[in-house]
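Each chain, letter by letter, is given below.
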Amino acid sequence: MSDAAARRLMKELNQLKTENPAGLLIDNTITSHDLKQWKIGVVGAEGTLYAGEVFTLQFTFGPQYPFNSPEVMFVGDTIPAHPHIYSNGHICLSILSDDWTPALSVQSVCLSILSMLSSSKEKKHPIDDAIYVRTCNKNPSKTRWWFHDDSV
């Protein structure tokens, strides 16, 4: 990882710990020793289908971060059932692929995912979940997404 990427990640980590946005669980063990991988807890907002449910997002940063998006996916025993989240944890969200810009941050990605969860009207995986999970690349950043439905 370049020095510039490491500085940017340290700045983002400090901002997350200082601001501690609602709905995110930040502690001192969220990063790997080399900053390449972070795990952040996400808590479903009150008054939504996911109220009080806790999920874990894993961020993996490549050598070109922030010019390339991080790999972001849900991990652990609890993957939310959502029309844009596959059962293997991959997330279909435009800012994680085509719409990524270096102006985005870990915090903005987390808040976008929280917003996506909060606006969901039903708990179900995408209609092509079984086929996708069986045939996809392990790295969701290598997926060419087809956005079926932007209303969720």
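Residues numbered from 1 in each chain as written. Predicted model: local features only at pLDDT ≥ 70, side-chain atom pairs only at ≥ 80, totals over all residues. Heavy atoms only, no water.

- The chain is annotated in an unreviewed UniProt entry as N-terminal E2 ubiquitin-conjugating enzyme from Caenorhabditis briggsae.

Some points on the environment of His84
No. 1: Position of His84 among the secondary structure elements: in the loop between β4 (71-75) and α2 (106-118).
No. 2: Of the residues examined, His84 reaches a relative accessible area of 9% and is grouped as buried.
No. 3: Sequence separation of His84 and Ser120 is 36 residues, and the distance between their C-alpha atoms is 9.4 Å. (Helix = DSSP H or I, 4+ residues; strand = E, 2+ residues; numbered from the N terminus. Buried < 20%, exposed > 50% of the residue type's maximum accessible area, 1.4 Å probe, protein only.)

Brief notes about the pattern of salt bridges
No. 1: The tally for this structure, following the rule as stated, stands at three salt bridges.
No. 2: Between Glu53 and Lys123 there is a salt bridge, with the nearest N and O atoms lying 2.4 Å from each other. Taken as a pair, Glu53 in the loop between β2 (37-43) and β3 (54-60) and Lys123 in the loop between α2 and α3 (129-135) lie far apart in primary sequence, 70 residues in all.
No. 3: Among the salt bridges present, the one from Glu122 reaches Lys124, with a minimum N-O distance of 3.6 Å. (Salt bridge = Lys/Arg side-chain N within 4 Å of Asp/Glu carboxyl O.)

Comments concerning unusual backbone geometry
No. 1: The peptide bond linking Tyr65 to Pro66 adopts the cis configuration, its omega dihedral lying at 10°.
No. 2: Note that Pro66 resides in the loop between β3 and β4.
No. 3: One non-glycine residue with positive phi stands out, namely Asn20, at about 40°.
No. 4: Looking at the secondary structure, you find Asn20 in the loop between α1 (3-19) and β1 (24-25).
No. 5: Residue Asn20 is classed as partly exposed on the basis of its relative accessible area, which comes to 43%.

With respect to the sheet that holds β4
Think of a sheet as strands paired side by side through backbone hydrogen bonds, with each pair either parallel or antiparallel.
No. 1: Pairing is antiparallel across the open sheet formed by four strands, whose spatial order is β1-β2-β3-β4. This sheet does not close on itself; its edge strands, each paired only once, are β1 and β4.
No. 2: Pairing analysis gives seven bridges linking β2 to β3, with the strands arranged antiparallel. Following the sheet pairing, Ile40 is matched in β3 by Leu57. (Pairing = 2+ DSSP bridges.)

Examining the pairing of β3
No. 1: Of the strand pairs in this sheet, β3 and β4 are connected by five bridges, and their pairing is antiparallel. Residue pairing across strands places Thr60 opposite Glu71, the latter belonging to β4.

Points about the environment of Gly41
No. 1: Note on placement: Gly41 falls in strand β2.
No. 2: With 16 residues separating them in the primary sequence, Gly41 and Leu57 have C-alpha atoms 6.3 Å apart.
No. 3: In this view, Gly41 contacts Gly23, Leu24, Leu25 and Phe55; residues no more than four positions away in its chain are not counted. (Contact = heavy atoms within 4.5 Å.)

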